[in-house]
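Coordinates in review
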Amino acid sequence: MAIRISTNAGAEAANYHLGVNSTNLEKSMARLASGSRINRPSDDVGGLTVAMKLKAAVNRLSGAELNIQNGISFLEVQDGILESIGSIVDRMSELKGLSRDVMKNSNDQATYNREFKDLQLQLKDMISGTFNGVSLFAQFAADGDGVADNS
């Protein structure tokens, strides 16, 4: 008695292709749902490498952007201080001229001299300022207490 095994080769081929197509459909649906073409490294190794390089470049550029913003802030602070220094120097020049007026008495001249010295101290404080621990105007020269006489 012979044993006869009967198989349906067409059904087996259809079942195999149905499984492959089902797997591909799941991958496509996952890509559609996530909005990303690459959901796992095996999807596109070359594309993943390029994406990782681009992401690293974006991160480096973000860091550079922060550095530039810090530099701009530094310059804006310097600019504001220099504007104030200009106003102070103008006032000091005015005081120097006022103190030389022969019509002024010694009290007036002493008042001008006190204001002049106060402005000098204010200038010294301004130029010795720092921004995040960095000197705004590098090194500054000061003789003794940094205050000169108006006379």
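What follows deals with the nonpolar core. Inside soluble globular proteins, nonpolar side chains tend to come together where they are buried. Counting residues in each nonpolar core, the largest one holds 13 residues, and the members touching the most others are Ile-88 and Met-92. Listing elements by their share of this core, those giving two or more residues are α2 (45–99) and α3 (106–127). Looking at this core, the element that brings in the most residues is α2, giving 6 residues.

Turning our attention to the packing of aromatic side chains. Centre distance and the angle of the planes are the two values used to describe a pair of aromatic rings. Considering all chains together, one arrives at 1 aromatic pair under this definition. Between Phe-74 and Phe-131, the aromatic rings sit 5.7 Å apart at their centres with planes inclined by 75 degrees, giving edge-to-face as the arrangement. Here the residue Phe-74 occupies a position in helix α2, and Phe-131 occupies one in strand β1 (residues 130–131), the gap between them amounting to 57 residues. Note on accessibility: Phe-74 and Phe-131 belong to one class, buried.

Considering every residue of the chain, the mean pLDDT works out to 85; 88% of them sit at 70 or more. Ranking the elements of the chain by mean pLDDT puts strand β2 (residues 134–135) last with 85 and α3 first with 93.

This paragraph deals with the packing of α2 against α3. In the contact formed by α2 and α3, the axes pass within 10 Å of each other and the chain directions differ by 160 degrees. By the angle class used here, α2 and α3 are roughly antiparallel. Two packed elements cross with a definite hand, and for α2 against α3 that hand is left-handed. Of the residues in α3, those in contact with Ile-81, Ser-84, Ile-85, Ile-88, Val-89, Arg-91, Met-92, Leu-95, Leu-98 and Ser-99 of α2 are Gln-109, Tyr-112, Glu-115, Phe-116, Leu-119, Gln-120, Gln-122, Leu-123, Met-126 and Ile-127.

Conventions adopted
Residues numbered from 1 in each chain as written. Predicted model: local features only at pLDDT ≥ 70, side-chain atom pairs only at ≥ 80, totals over all residues. Heavy atoms only, no water. Core = buried A, V, L, I, M, F, W, Y, C linked by side-chain atoms within 4.5 Å. Buried < 20%, exposed > 50% of the residue type's maximum accessible area, 1.4 Å probe, protein only. Helix = DSSP H or I, 4+ residues; strand = E, 2+ residues; numbered from the N terminus. Phe/Tyr/Trp six-rings, centres within 6.5 Å; stacked < 30°, edge-to-face > 60°. pLDDT = per-residue confidence, 0-100. Axes fitted to C-alpha atoms, helices over the stretch in contact; angles between N-to-C directions. Parallel < 35°, antiparallel > 145°, perpendicular 65-115°, else oblique. Left-handed = near helix turned anticlockwise from the far one by under 90°. Contact = heavy atoms within 4.5 Å.

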